[in-house]
Amino acid sequence: MADIAQRFPQNPLLAPKDLKATSEGLHIACLLNPGVFRFDGKIWLLVRVAERPQQNEVHVSFPILTVTGETQIMEIALNDADLIATDARVVRYKGVDYLTTLSHLRLLCSDDGVHFSEPDGYNRLFGSGPLQTFGIEDCRVSFLEGRYYLTFTAVSDSGVGVGLRTTTDWKNFETHGMILPPHNKDVAIFEEKINGLYYALHRPSSVDIGGNFIWIAQSPDGVHWGNHKCILKTREGMWDSARVGGGASPIKTEKGWLEIYHGATKEHRYCLGAVLLDLNDPSIVLARTIEPIMEPTAPYEITGFFGHVVFTNGHVVDGDTITIYYGAADEFVCGAKFSIKDIFAALGV
């Protein structure tokens, strides 16, 4: 059984042309991978908005944040011998990697879960400080004991780590700094304590021994994390052979914690799969899908800023139905529905 997603007929729900850039001289290149939550009777997306200057045939240019929070544009001649620009997402210049876009997080809300708009009175979230000068990305939102936990990828020339901010009203935020140092990302906090402890999935990376695997950690307070365990590895020759990473917060079901995760090949083709974790000890994997439950097949998933990608880190649950909001081809925000029963069938449980 493969690709059991029921895509919204209205897809893509959001494209770069639907939002305005933060300032003159920049345009929105991509909308990606929203965190999703319910608040004030609506469904909300915390969308990653990636911006850059218009490109030309002579230079590659991209924005970075200064430590003081101002935007600075870097411009490099395409014929510069020190430039490597073969990836749409990253350039390397004089031995240093830079992102081709600068990302921030933007709130949108909807009454019907299909048509989204920017509400008045809510600020955009930008990177701040020396560990977020290349932007903040791919936020997961977890709701636990009356508080929203925002875990996001924080990028700078020091590396890629995980930042945390918390809020109760989406207007006032408490900043908790970098909770997991480089290289780490894909952090999703469980929306319920287990045996008195917070739990979170995360994805440290290794370029030498090891790989891009999903780990789990415990915390007494949701900020300080320990007792790390590796729970899900890549599978040679399969759709998740190069890297795996967690999606949104695991969903509590009668059979276990259900997690929708992403996997990719070395050719950077991203699909979604599912894994079931033990209710009392989520470091125990009970089942894992052999085939992906969603793969890039629609035109807006195959062609875009970075094609052949479906990637989710946000959903809402209504009974048997999981509605995921996902990034398609690193350019569009889309929606799809899954039946939990169908996912269980794919898991063989």
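The structure presented is a predicted model; accordingly, all values stated were derived computationally and were not measured. (Residues numbered from 1 in each chain as written. Predicted model: local features only at pLDDT ≥ 70, side-chain atom pairs only at ≥ 80, totals over all residues. Heavy atoms only, no water.)

Thoughts on the overall build of the protein chain
The condition is simple: Each helix is a run of DSSP H or I of at least 4 residues and each strand a run of E of at least 2, with the numbering of both proceeding from the N terminus. C-alpha atoms define the radius of gyration in this analysis, and the globule rule sets the expected value at 2.2 Å times the number of residues to the power 0.38. Here, Shrake-Rupley sampling with a 1.4 Å probe gives the accessible areas, and only protein chains in the shown set may cover a residue.
In terms of helices and strands, the protein chain carries two helices and 25 strands. In terms of overall size, the protein chain behaves like a compact globule, its C-alpha atoms giving a radius of gyration of 19 Å where 349 residues would be expected to give roughly 20 Å. Across its three principal axes, the protein chain shows a C-alpha extent of roughly 55 × 45 × 45 Å. Of the accessible surface of the protein chain, which amounts to about 14700 Å², a share of 50% is contributed by carbon and sulfur atoms.

Notes on the packing of aromatic side chains
Applied cut-off: Each pair of aromatic rings taken from Phe, Tyr and Trp, with Trp reduced to its six-membered ring, is defined by centres within 6.5 Å and is described as stacked if the planes are under 30 degrees apart, edge-to-face if over 60, and tilted in the remaining cases. With a 1.4 Å probe rolled over the protein chains alone, any residue whose accessible area is under 20% of its type maximum counts as buried; one over 50% counts as exposed, and the rest are partly exposed.
On inspection of all chains with the given rule, the structure shows 18 aromatic pairs. Between Phe 37 and Trp 44, the aromatic rings sit 6.0 Å apart at their centres with planes inclined by 20 degrees, giving stacked as the arrangement. Trp 44 carries the same exposure label as Phe 37, and that label is buried. Centre to centre, the rings of Phe 62 and Tyr 98 are 5.3 Å apart; their planes meet at 35 degrees, and the pair counts as tilted. Taken together, the positions of Phe 62 in strand 4 (residues 59–65) and Tyr 98 in strand 8 (residues 96–99) put the pair 36 residues apart, joining distant regions of the chain. For Phe 62, a relative accessible area of 0% corresponds to the buried category. According to the relative accessible area criterion, Tyr 98 is buried, its value standing at 15%.

A few points about the sheet that holds strand 24 (residues 321–328)
This is how it is decided: Should DSSP find at least two bridges between two strands, the strands are taken to pair. We call two residues in contact whenever any of their non-hydrogen atoms come within 4.5 Å of each other. Here the axes come from fitting lines to C-alpha atoms, over the contacting stretch only for helices, and the angles between their N-to-C directions go from 0 to 180 degrees.
The strand order across the open sheet formed by four strands is 1-25-24-23, and the pairing between neighbours is antiparallel. Edge strands, defined here as strands with exactly one partner in the open sheet, are strand 1 (6–7) and strand 23 (310–318). In terms of strand pairing, strand 1 meets strand 25 (residues 332–339) through two bridges, oriented antiparallel. Opposite Arg 7, over in strand 25, you have Ala 336 as the bridge partner. Its contacts with the sheet place helix 2 (residues 340–347) against strand 23, strand 24 and strand 25, and it is angled at close to 80 degrees to strand 25.

Section: helix 2
Formally: Directions drawn from the helix axis to the C-beta atoms are what define this arc.
Along helix 2, the residues that are buried comprise Ile 340, Ile 343, Phe 344 and Leu 347. The buried residues of helix 2 occupy an angular sector of 105 degrees when the element is viewed end-on, so they sit on one face. Immediately downstream of helix 2, the backbone of Gly 348 shows phi near 75 degrees, a positive value.

A short note on the pairing of strand 15 (residues 198–204)
Extensive coverage of strand 15 is indicated by the burial of seven of its seven residues. The side-chain alternation of strand 15 yields two buried faces, one formed by Tyr 198, Ala 200, His 202 and Pro 204 and the other by Tyr 199, Leu 201 and Arg 203. Here four bridges tie strand 14 (residues 184–189) to strand 15, and the two strands are oriented antiparallel to one another. Across the sheet, the residue bridging to Lys 185 is Arg 203, located in strand 15. Across five bridges, the pairing between strand 15 and strand 16 (residues 214–219) is antiparallel.

A few points about the sheet that holds strand 10 (residues 136–144)
On the basis of which strands lie adjacent, the open sheet formed by four strands has the order 10-11-12-13 and antiparallel pairing. Of all the strands in the sheet, just strand 10 and strand 13 (173–180) have a single pairing partner and so form its edges. Neighbour-to-neighbour, the strand axes of the sheet open up by a mean angle of 25 degrees, direction not taken into account.

A look at the state of the cysteines
Worth spelling out the cut-off: Throughout, disulfides are identified as pairs of cysteine sulfur atoms within 2.5 Å of each other.
Tallied over the entire structure, the rule returns zero disulfides. Just so you know, Cys 30 is unpaired, no disulfide at all, and the nearest cysteine sulfur is the one on Cys 334, 13 Å from it. Since its relative accessible area comes to 2%, Cys 30 is described here as buried. As a non-bridged cysteine, Cys 139 has Cys 109 as the owner of its nearest cysteine sulfur, 17 Å distant.

Looking at the pattern of salt bridges
Quick note on the threshold: A carboxyl oxygen of Asp or Glu within 4 Å of a side-chain nitrogen of Lys or Arg is what we treat as a salt bridge.
Tallied over the full model, the rule gives 19 salt bridges. Between Arg 7 and Asp 3 there is a salt bridge, and its shortest N-O distance comes to 3.1 Å. Across the salt bridge formed by Glu 295 and Arg 269, the nearest N and O atoms sit 2.9 Å from each other. Of this pair, Glu 295 sits in the loop between strand 22 (285–288) and helix 1 (299–302) while Arg 269 sits in the loop between strand 20 (256–264) and strand 21 (270–277), and the two are 26 residues apart along the sequence. Counted as one network, the salt bridges with shared partners bring together Asp 3, Arg 7 and Glu 301.

Points about the side chain of Ser 61
Among the secondary structure elements, Ser 61 is positioned in strand 4. Since its relative accessible area comes to 7%, Ser 61 is described here as buried. Residues contacting Ser 61, with those up to four places away along its chain left out, are Pro 53, Gln 54, Gln 55, Ile 73, Met 74, Glu 75 and Thr 100.

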